[in-house]
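One-letter residues, chain by chain:
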Amino acid sequence: MSDNMHEEAHTGPVKTPKQLFWISFAAFVIPVFIIIGLVYYVTSANKLSPGATDTERAVAQRIQKIGTVEIRDANRPLAGGEEVYKAQCAACHAAGLAGAPKFQDVGQWASRIATGFDKLLHSALAGKGGMAPQGGGNFTDVEIGRAVAYMANAAGAKFAEPAAPAAAASAAASEAAPQAAAAAPAATPAPAAETVAAAAPAAAAPAAPAAASAGAGKALYDSACVVCHGAGVAGAPKFGDKAAWAPRLTVGFEEVLKIATTGKGAMPPKGGAVTASDADFRAAVQYMVDSVK
């Protein structure tokens, strides 16, 4: 019996190959997990600011930014039709995807061109079929209009490229000035004295500002108001539709101008042309009112 006890004392705790396997496995795996845990702890701690408490770290994680704000340059030069087409329209129109008329395909564009530029522009800005609204994106309404004209003209149309509102107003004013100057001699009787001859140009002078105002009104209508009033969408009275305008004009021009300036229903203030001057916007409203007189 003493020999057996002496033998057990020298054999140790590992008595079978299975016990040896599990002890060796634990001796290898446990240190690996310990090392991984230490590495994770060290790297996680480095991401936090030194000396920050747990509360401060939690607050910093909750208030971290989740978005960005993009500020665009409103004074940048207007992009041309080809530039806008390549940047925004070519994705569908180049290959005629999702029902979009293919670029330069006369057959597909013919019926659309026949509806006129205003209708095409309205469809582009408001969206149609598989095409999402293009208004309010990376380009202004005028730039989208230029892209529409570029695509339509490539298929045989003869649309003029929309000009910037200020440029259109200046062009209208420059065209009106020679007409007013030419009309002045006809309206002035033959001078009997030098004082009468000097008074004639002064009497004809107010015609130029009036013509310039009318030109600015049409330019602003073409660049902003036509989107809704051109086709009478969203409850807007259609341009030139006397029946649609009649009940609105019963309150008088000044009240109509006030409603248009502050906005009503689906129409935003100034029809969305918030950068337009009060004088130009008044001229645009007058232009629409005059169309039904």
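This section reports on the structure supplied with the text. On a predicted model such as this, the values are computed, not experimentally measured, just so you know.

Across its full length, the protein chain holds 13 helices and zero strands. For the protein chain, the succession of helices and strands along the chain, N to C, is α-α-α-α-α-α-α-α-α-α-α-α-α. When the 293 residues of the protein chain are sorted by exposure, 24% land in the buried category. In the protein chain, of all internal contacts separated by at least 6 residues, the share reaching a separation of at least 24 is 54%. For the protein chain, the accessible surface area stands at approximately 19200 Å², while carbon and sulfur atoms represent 63% of it.

So, on to the packing of aromatic side chains. Counting across every chain of the model gives ten aromatic pairs. Counting every residue linked through ring pairs, the aromatic cluster contains Phe21, Trp22 and Phe25.

Attention shifts here to helix 4 (residues 81-93). The α-helix winds at 3.6 residues per turn, so residues separated by three or four positions along the chain end up facing the same way. The first and last C-alpha atoms of helix 4 sit only 14 Å apart over 13 residues, clearly below the 18 Å expected at 1.5 Å per residue. Looking only at helix 4, the buried set comprises Gly81, Val84, Tyr85, Cys89, Ala90 and His93. Check the buried side of helix 4 and you find it contacts helix 5 (106-114) and helix 7 (141-154).

Here we come to unusual backbone geometry. The phi dihedral of glutamine 104 falls on the positive side, at around 70 degrees, and the residue is not glycine. Mapped onto the elements of the fold, glutamine 104 is located in the loop between helix 4 and helix 5. When its relative accessible area of 51% is taken as the criterion, glutamine 104 is described as exposed.

Once that is clear, we can look at the nonpolar core. Counting residues in each nonpolar core, the largest one holds 42 residues, and the members touching the most others are Ile113, Ile144, Ala152, Phe159, Leu220 and Val285. If you list the elements that add at least two residues to this core, you get helix 4, helix 5, helix 6 (117-126), helix 7, helix 10 (207-229), helix 12 (253-262) and helix 13 (278-290). Those residues within four positions of phenylalanine 159 in sequence are excluded, and the remaining contacts are Ile113, Gly116, Phe117, Leu120, Ala149, Ala152 and Asn153.

Here the focus is the layout of surface pockets. As a volume, the second largest pocket reaches approximately 590 Å³. Along the wall of the second largest pocket there are 27 residues; nearest its centre are His93, Ala100, Pro101, Lys128 and Met131. Elements with a contribution of two residues or more to the lining of the second largest pocket: helix 4, helix 5, helix 6 and helix 7. Looking at which element gives the most residues to the lining of the second largest pocket, the answer is helix 4, with five residues. Taken together, the residues of the lining of the second largest pocket sort by class into 16 nonpolar, eight polar and three charged.

Right, let's get into the pattern of salt bridges. A side chain of one charge can pair with a side chain of the opposite charge if their charged atoms are brought near each other. Applying the stated rule across the entire model yields five salt bridges. For the salt bridge of lysine 86 with glutamate 82, the shortest nitrogen-to-oxygen distance reads 3.1 Å. Of the two residues, lysine 86 and glutamate 82 both sit in helix 4, four residues apart, roughly one turn of that helix. Relative accessible area serves as the criterion here: at 56%, lysine 86 is assigned to the exposed category.

Moving on: a nonpolar patch on the surface. A cluster of nonpolar side chains, namely Phe28, Val32, Phe33 and Ile36, defines an oily patch on the protein surface of about 440 Å² accessible area. Of note, phenylalanine 33 is situated in helix 2 (residues 17-47). A relative accessible area of 60% places phenylalanine 33 in the exposed class.

Two elements in contact, helix 4 and helix 7, have axes whose closest approach is 8 Å; the angle formed by their N-to-C orientations is 70 degrees. Our classification of the angle between helix 4 and helix 7 gives roughly perpendicular. Along its contact with helix 4, which presents Gly81, Glu82, Val84, Tyr85, Gln88, Cys89 and His93, the element helix 7 presents Glu143, Ile144, Arg146, Ala147, Tyr150 and Met151. Class assignment for the residues of the contact of helix 4 with helix 7 results in seven nonpolar, three polar and three charged.

Where like charges cluster on the molecular surface, the positive patch consists of Arg112, Lys119, Lys128 and Lys238. Inspection of the secondary structure assignment puts lysine 119 in helix 6.

Right, let's talk about the environment of alanine 79 for a bit. Here alanine 79 lies in the loop between helix 3 (54-62) and helix 4. The contacts of alanine 79, once residues within four sequence positions are left out, are Val84, Phe139, Glu143 and Arg146.

Reading guide: rules and limits
Residues numbered from 1 in each chain as written. Predicted model: local features only at pLDDT ≥ 70, side-chain atom pairs only at ≥ 80, totals over all residues. Heavy atoms only, no water. Helix = DSSP H or I, 4+ residues; strand = E, 2+ residues; numbered from the N terminus. Buried < 20%, exposed > 50% of the residue type's maximum accessible area, 1.4 Å probe, protein only. Contact = heavy atoms within 4.5 Å. Areas by Shrake-Rupley, 256 points an atom, 1.4 Å probe, with all protein chains shown as cover. Phe/Tyr/Trp six-rings, centres within 6.5 Å; stacked < 30°, edge-to-face > 60°. Expected span 1.5 Å × (residues − 1). Core = buried A, V, L, I, M, F, W, Y, C linked by side-chain atoms within 4.5 Å. 1 Å grid on protein atoms, 1.4 Å probe; cavity = no way out; pocket = protein on both sides within 12 Å on 5 of 7 lines; lining within 4 Å. Points joined across faces, edges and corners; volume = space filled by probe spheres on them. Nonpolar A, V, L, I, M, F, W, Y, C, P; charged D, E, K, R; others polar. Salt bridge = Lys/Arg side-chain N within 4 Å of Asp/Glu carboxyl O. Patch = residues over 30% accessible without salt bridge, like charges linked within 9 Å, V, L, I, M, F, W, Y side chains within 5 Å. Axes fitted to C-alpha atoms, helices over the stretch in contact; angles between N-to-C directions. Parallel < 35°, antiparallel > 145°, perpendicular 65-115°, else oblique. Lys, Arg positive; Asp, Glu negative; His and termini not counted. Charge placed at Lys NZ, Arg CZ, Asp CG, Glu CD.

Read these as geometric descriptors, not functional statements.
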